[in-house]
Amino acid sequence: AVGPERLAWAREFCGLAAALSPATVEAFAQHYHPQAVFSDPFQTVVGRPAIAKAYQSMFGALTAPRFTDLEVAWTNTETLAIRWVFRFSVSARAPETALPGTSWLQLDPSQALICRHEDHWDASALFGAFPGIGAVVRWLKSRVAHAGSVTQTD
């Protein structure tokens, strides 16, 4: 069973993730082991400074990025999954995009620091938020969906 200290850790981490801002990235990164590995569909980075830079970059590239609707599930005392929705706009005039995803976190058992963080989400949803590219992504998705609905007979 997951003890109260791990549950408190998860509540704190999720609270910090929900309140993440350029000013809080460095404090947030302190939840990572100095040599932690972070990966998502676009990158794999190693080390606390590189992880902080990855988080910081989303504030420079997107408008009002934030994590909402965080839900935690523990698989054991060192591994947890966090389901979330990443909300952002590509510009101040663009509509908000809500991109659902899941983070798998592996904690160092002795320090309660994240040693591995894997983010899983649909990268096409991100591309779909950008003007021009979005139309192409929607067309491709419709073609794939149509191809998947076709059945063959012998």
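These figures come from a predicted structure and were not determined experimentally.

A. Geometry of the overall build of the protein chain. Across its full length, the protein chain holds five helices and six strands. Taken from N to C terminus, the helices and strands of the protein chain fall in the order α-α-β-β-α-β-β-β-β-α-α. Among the 154 residues that make up the protein chain, the fraction classed as buried is 40%. Of the contacts formed within the protein chain by residues at least 6 apart in sequence, a portion of 46% connects residues at least 24 apart. Working note: accessible area of the protein chain is about 8800 Å², and carbon and sulfur atoms make up 59% of it.

B. Structural detail: helix α1 (residues 4–18). Here α1 is 15 residues long and its end C-alpha atoms lie 21 Å apart, about the 21 Å a rise of 1.5 Å per residue gives. Among the residues making up α1, those that are buried are R6, W9, A10, F13, C14 and A17. Angularly, the buried residues of α1 cover 125° about the axis, an arc narrow enough to put them on a single face. Opposite the buried face of α1, by more than 90 degrees, sit the exposed residues P4, E5 and R11. Turning to α1, the residues buried within the fold contact α2 (25–29), β1 (32–40), β3 (63–76), β4 (79–89), β5 (97–107) and β6 (114–121).

C. Structural context of the environment of L80. Mapped onto the elements of the fold, L80 is located in strand β4. What makes L80 buried here is its relative accessible area of 0%. A sequence separation of 37 residues divides L80 from H117, and the C-alpha atoms of the two residues are 9.9 Å apart. Non-local contacts of L80, meaning those with residues more than four positions away in its chain, are made with W9, A10, V72, A73, W74, T75, S103, W104, L105 and L107.

D. Inspection of the confidence of the model for the protein chain at higher detail. Of the residues in the protein chain, 81% have a pLDDT of 70 or more, and the chain-wide mean is 88. Per-element confidence in the protein chain is highest for β1, whose mean pLDDT is 97, and lowest for helix α5 (residues 133–149), whose mean pLDDT is 60.

Conventions we followed
Residues numbered from 1 in each chain as written. Predicted model: local features only at pLDDT ≥ 70, side-chain atom pairs only at ≥ 80, totals over all residues. Heavy atoms only, no water. Helix = DSSP H or I, 4+ residues; strand = E, 2+ residues; numbered from the N terminus. Buried < 20%, exposed > 50% of the residue type's maximum accessible area, 1.4 Å probe, protein only. Contact = heavy atoms within 4.5 Å. Areas by Shrake-Rupley, 256 points an atom, 1.4 Å probe, with all protein chains shown as cover. Expected span 1.5 Å × (residues − 1). Arc of directions from axis to C-beta. pLDDT = per-residue confidence, 0-100.

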